[in-house]
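Here is how the chains run, residue by residue.
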Amino acid sequence: GSDQAILRFLLDVKPDIVSMSCYLWNLERSLFLARQLHGELPMCTVVLGGPEITPHNEFLLAHGEFDVGVVGQGEHTWDFLLKSFPRVPDIPGLLKRGEHGQWYFTGINENEPSVKGLPSPYLLGCLDSHLDKILWLETVRGCVHQCTYCHYHKQFKKLKPFPLDRIEAEVRRAVKN
């Protein structure tokens, strides 16, 4: 939906916590939505994740619209944040604000799991409502290109491909449904 439709939905729901996955193409949009959310629901915690969330992204760090940033793969970190909420623990892999409002990084998560162990939202049926002639499928994390304007290649030292049998199962399920 449009920014206003997404914002209206969130304002109607009045969530305690919202997370947005940020890529090069939607970072500004996510920061806009976070700013609007904080203006209307100041107690809502906004968590940003995705490849654009790094301790080296100066554009991101210049903005105060979000509360926490998840650096690296976010599935397990997000789960931990939800279980700890409303407390935000000092676990590795987070961007947090210090006492004086400055951003600090809690360090690299050395125990980040392989993509092989991550559940598939398609195979779990979580994204069935989104299967309408287009299948947006993540087959690999990382990027071989070194574009200076993008942070995706900086998250991982090498590509992290998802298992081929998982990808095949996702495509088969999408075609069937």
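Report follows, based on the coordinates. (Residues numbered from 1 in each chain as written. Predicted model: local features only at pLDDT ≥ 70, side-chain atom pairs only at ≥ 80, totals over all residues. Heavy atoms only, no water.)

**With respect to helix α5 (residues 164-176)**
Next up, step 1: End to end, α5 covers 18 Å across 13 residues, agreeing with the expected 18 Å (1.5 Å per residue, within 8%).
Next up, step 2: All of the buried residues along α5 are Arg166, Ile167, Glu170 and Ala174. Taken down its axis, α5 places every buried residue within 100° of arc, on the same side. Opposite the buried face of α5, at more than 90 degrees from it, the exposed residues are Leu164, Asp165, Arg172, Val175 and Lys176. (Helix = DSSP H or I, 4+ residues; strand = E, 2+ residues; numbered from the N terminus. Expected span 1.5 Å × (residues − 1). Buried < 20%, exposed > 50% of the residue type's maximum accessible area, 1.4 Å probe, protein only. Arc of directions from axis to C-beta.)

**Describing the side chain of Glu170**
Next up, step 1: Within the secondary structure layout, Glu170 lies in helix α5.
Next up, step 2: Only 2.5 Å separates the side chain of Glu170 from the side chain of Ser120, close enough to count as a polar contact. (Polar contact = N/O pair within 3.5 Å; in protein donor to acceptor, adjacent residues only side chain to side chain.)

**As for the pattern of salt bridges**
Next up, step 1: Inspection of the entire model under this criterion finds 9 salt bridges.
Next up, step 2: The residue Arg29 makes a salt bridge to Asp3 at a minimum N-O spacing of 2.3 Å. Of this pair, Arg29 sits in helix α2 (residues 27-40) while Asp3 sits in helix α1 (residues 3-13), and the two are 26 residues apart along the sequence.
Next up, step 3: A residue is classified by how much of its surface remains accessible, and Asp3, at 24% relative accessible area, is partly exposed.
Next up, step 4: Residues Arg141 and Glu75 are paired through a salt bridge, measuring 2.4 Å at the closest nitrogen-oxygen approach. You can see Arg141 sitting in strand β6 (residues 140-141) and its partner Glu75 sitting in helix α4 (residues 75-84), a full 66 residues away along the chain.
Next up, step 5: Residue class for Arg141 comes out buried when judged on its relative accessible area of 10%. (Salt bridge = Lys/Arg side-chain N within 4 Å of Asp/Glu carboxyl O.)

**Let's talk about unusual backbone geometry**
Next up, step 1: Phe85 connects to Pro86 through a cis peptide bond whose omega is 15°.
Next up, step 2: Among the structural elements, Pro86 can be located in the loop between α4 and β4 (94-97).

**Observations concerning α2**
Next up, step 1: Taking 1.5 Å of rise per residue, the 14 residues of α2 would be expected to cover 20 Å, and the 20 Å separating its terminal C-alpha atoms lies within 8% of that figure.
Next up, step 2: Where α2 is buried, its residues meet α1, β1 (17-21), β2 (45-49) and α3 (58-61). (Contact = heavy atoms within 4.5 Å.)

**Overview of the packing of aromatic side chains**
Next up, step 1: Within this structure, the stated rule accounts for 2 aromatic pairs.
Next up, step 2: Aromatic pair Tyr23 and Trp25: ring centres 6.2 Å apart, planes at 10°, arrangement stacked.
Next up, step 3: You can call Trp25 exposed: its relative accessible area is 67%.
Next up, step 4: When the centroid spacing of 4.3 Å and the interplanar angle of 10° are considered together, the rings of Phe66 and Trp103 count as stacked. Here Phe66 is found in the loop between α3 and β3 (68-70), whereas its partner Trp103 is found in strand β5 (residues 103-105), with 37 residues between them in sequence. For the pair shown, Phe66 and Trp103 are each scored as buried. (Phe/Tyr/Trp six-rings, centres within 6.5 Å; stacked < 30°, edge-to-face > 60°.)

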